There are 2 protein chains.
Amino acid sequence: MPAILECVPNISEGRDLEKVEKIVDAIRTTKDVKLLDYSSDKDHNRSVITFLGEPNAVAEAALKLAKAATELIDMSTHTGGHPRMGAVDVMPLIPIKDITIEETIELSKKLAESIANECNMHVTLYENSASAPHRQNLADIRRGQYEVMAEKIKEDMWIPDYGPNEFNPKAGMVAVGARPPLIAYNINLSTDDVKIAKNIANVIRSAKGGFVFCKAMGLLIEETGKAQVSMNLVNPDYTTIFRVFDMVEREAHRYGVSVTDSEIVGLVPMKALIDTAIYHLKLDNFSMDQVLETRIWE
Amino acid sequence: MPAILECVPNISEGRDLEKVEKIVDAIRTTKDVKLLDYSSDKDHNRSVITFLGEPNAVAEAALKLAKAATELIDMSTHTGGHPRMGAVDVMPLIPIKDITIEETIELSKKLAESIANECNMHVTLYENSASAPHRQNLADIRRGQYEVMAEKIKEDMWIPDYGPNEFNPKAGMVAVGARPPLIAYNINLSTDDVKIAKNIANVIRSAKGGFVFCKAMGLLIEETGKAQVSMNLVNPDYTTIFRVFDMVEREAHRYGVSVTDSEIVGLVPMKALIDTAIYHLKLDNFSMDQVLETRIWE
């Protein structure tokens, strides 16, 4: 089994599904990559595509997708509810297997340069690839959205890492970067008191002194009438899902409520769940090689 | 990804490693199967081979291995510490992926018949393939060992399912059958009092009214000086590793000792560990499709 890299580009088209299909074809027609999922949102006028494969093949497919997106999408006429700044808007590269975050950063920079050259658009490196700490967070880079980008990129703090001399109004700008796999994780409480969920979120989130790699908020789920702690675990090797769960459960008890259940949204790396089993079963000397499936697929 | 079947034949040769290599070549030279592991024990004069792959290819490789073993091993001169009855002694087939236990039973019967015909040896079906309840347990079929088999197989209860008219003294008899994947699992206690481990083993083992699919014993580990509950979980989808762990921990507390750690011996199906995570994180609606690796390798 070769190394595996995942890529989750977001493109600024979610209404014209024929265009989306043509753009997704960039993945389908590339060797050694696999399209896992794609979905379009009409209100957002945006599509999210998930694919993975051999790292160089993933970079090749990502470049082809950026080319197709910048050919078919015109940002100067784009409307939609989701913040955006480019035809291909954001392109995270996520190391899955036998590739380090450092190698992924290096690959992301090559990809960013190729996109800038071949799509004639500006590219800002973000997340682990960022060229400065204030450029790690996508929301900060994108603040003001497409409409202000031609001016914003003239500011010293926001000069793009790659791109043409002139802002390309059709293509806009894209953020490209490496980041660890994240887990979208929700824990439901036996209460409709959203204040409790918000308080617990504030205990566990990094912004308030909680776990370093945890972003969290409290909200009320309309369908169930239950309060929920909703989070992204952005580096689950370090901020582990099982310790976050235990802390949320302990805090819930402090308010006299309990955890009814939890849910992982989308995909999760096998390791995060097996680490949970290792912890609870005290499997101190367990090796991932002992998982039968890793031997089948190695 | 096609269906996957595992096979773990035991052969009665553990001293002449050239012969073992020739026999293992039967696996290496078969398409669509993968040799995972093999190891030889001189005292036992026995080797255990683990391989897996596409089910029909596994059956083909198993037959080739049986032929090589019966050509190269002569049971009439065999000595060794481990109970045995044939050149190829036991051949379990274990469904791993996209094959049911019923389909595995069917395949085991075809394989048993082929071995009988092509190796001119007796074959008794065992475990889930057994033709009668008293023939499920290998130890019962093999009791008395090779030395009594020519006579034992004349008894009504022990007439082999397949084989020649005359007992073949060179080849002996083999047990072939389907069984679910088992987990060899040990839990270590913070005590050197082996009596506590034995008492706990008696609480959890099926033979004493405990979990249906749990075989267990208590013993003292010389190296560590710690008492250990050692078990086989023979159907971990039903008798789950996490509930067994919890019960052992509770019983240990009853004696004023604790569980220091546990260990899985050899391979474990991914599902058993992910089920543990699902239980402890209360992931009530989790689907195995959400495990990233299953999407890569599907």
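Everything quoted here is computed from the prediction, not taken from an experiment.

Enquirer: Quick rundown of the packing of helix α6 (residues 194-204) of chain B against helix α7 (residues 241-254) of chain B? Include the residues and the values.
Expert: Residues and elements named next belong to chain B. Two elements in contact, α6 and α7, have axes whose closest approach is 10 Å; the angle formed by their N-to-C orientations is 135 degrees. By the criterion of interaxial angle, the relationship of α6 to α7 is oblique. For the pair α6 and α7, the sense of crossing is right-handed. Side by side, α6 and α7 meet where Ile200, Val203 and Ile204 of the first sit next to Val244, Met247, Val248, Glu251 and Ala252 of the second. For the contact of α6 with α7, the residue count by class is seven nonpolar, no polar and one charged.

Enquirer: Quick one: what's the story with the relation of the copies chain B and chain A, residue by residue and with numbers?
Expert: Between chain B and chain A, the superposition needs a rotation of 180 degrees and an axial shift of 0.0 Å, giving an RMSD of 0.0 Å. The operation mapping one copy onto its partner corresponds to a two-fold rotation axis. Minimal C-alpha separation from the rotation axis in chain B is found for Ala277 of chain B, amounting to 2.6 Å. Comparing interface residues between copies, 100% of those in chain B also sit at the interface in chain A, which points to an isologous, same-surface contact.

Enquirer: Give me the lowdown on the UniProt feature "domain: Formiminotransferase N-terminal subdomain" (unreviewed entry) in chain A, citing residues and values where you can.
Expert: Per the UniProt entry, the sites bearing "domain: Formiminotransferase N-terminal subdomain" (unreviewed entry) are residues 3-180 of chain A in this numbering. What you have in residues 3-180 of chain A is 34% helix and 24% strand, and the ends, taken at the C-alpha atoms, are 15 Å apart.

Enquirer: Just give me the short version of the domain arrangement of chain A, but keep the residues and values in it.
Expert: According to the domain assignment, chain A contains domain 1 (4-178) and domain 2 (183-292). Taken over C-alpha atoms, the centre of domain 1 of chain A sits 29 Å from the centre of domain 2 of chain A.

Enquirer: Pulling in residues and values, what's your account of the environment of Pro133 of chain A?
Expert: Within the secondary structure layout, Pro133 of chain A lies in the loop between β6 (122-125) and α4 (138-142). The spacing of Pro133 of chain A and Val58 of chain A is 75 residues in sequence and 26 Å in space, taken between C-alpha atoms.

Enquirer: Break down the environment of His78 of chain A for me, with residues and values.
Expert: Residue and element names in this part refer to chain A. Here His78 shows up in the loop between α2 (55-72) and β5 (88-97). Sequence separation between His78 and Asn45 is 33 residues; the distance between their C-alpha atoms is 8.3 Å. Residues in contact with His78, not counting those within four places in the same chain, are Ser12, His44, Asn45 and Arg84. Within polar-contact distance, the side chain of His78 engages the side chain of Arg84 at 3.0 Å.

Enquirer: An account of the sheet that holds strand β11 (residues 259-265) of chain B is requested, with residue identities and associated values reported.
Expert: Residue and element names in this part refer to chain B. The strand order β9-β10-β8-β11 describes an open sheet built from four strands, whose pairing is antiparallel. Here the strands that pair on one side only, and so sit at the sheet edges, are β9 (214-221) and β11. Shown here is a sheet whose adjacent strand axes are inclined to one another by a mean of 20 degrees, direction ignored. Summarising the sheet, strand β8 (residues 183-189) and strand β10 (residues 226-233) pair through six bridges and their orientation is antiparallel.

Enquirer: Run through the side chain of Glu13 of chain A, naming residues and quoting values.
Expert: All names here are of chain A. Here Glu13 lies in the loop between β2 (10-11) and α1 (17-28). No salt bridge forms around the buried Glu13; measuring N to O, its nearest opposite-charge neighbour Lys19 is 4.5 Å away. Polar side-chain contacts of Glu13 include one of 3.0 Å to the backbone nitrogen of Arg15. Setting aside residues up to four positions removed in sequence, Glu13 forms contacts with Lys19, Val20, Asn45, Arg46, Ser47 and Ile73.

The rules behind these values
- Residues numbered from 1 in each chain as written.
- Chains lettered and ligands numbered in written order.
- Predicted model: local features only at pLDDT ≥ 70, side-chain atom pairs only at ≥ 80, totals over all residues.
- Heavy atoms only, no water.
- Axes fitted to C-alpha atoms, helices over the stretch in contact; angles between N-to-C directions.
- Helix = DSSP H or I, 4+ residues; strand = E, 2+ residues; numbered from the N terminus.
- Parallel < 35°, antiparallel > 145°, perpendicular 65-115°, else oblique.
- Left-handed = near helix turned anticlockwise from the far one by under 90°.
- Contact = heavy atoms within 4.5 Å.
- Nonpolar A, V, L, I, M, F, W, Y, C, P; charged D, E, K, R; others polar.
- Least-squares fit on C-alpha atoms with pLDDT ≥ 70 in both.
- UniProt positions renumbered as here; feature names shortened; annotations may be inferred.
- Domains from an automatic or database assignment.
- Polar contact = N/O pair within 3.5 Å; in protein donor to acceptor, adjacent residues only side chain to side chain.
- Pairing = 2+ DSSP bridges.
- Buried < 20%, exposed > 50% of the residue type's maximum accessible area, 1.4 Å probe, protein only.
- Lys, Arg positive; Asp, Glu negative; His and termini not counted.
- Salt bridge = Lys/Arg side-chain N within 4 Å of Asp/Glu carboxyl O.

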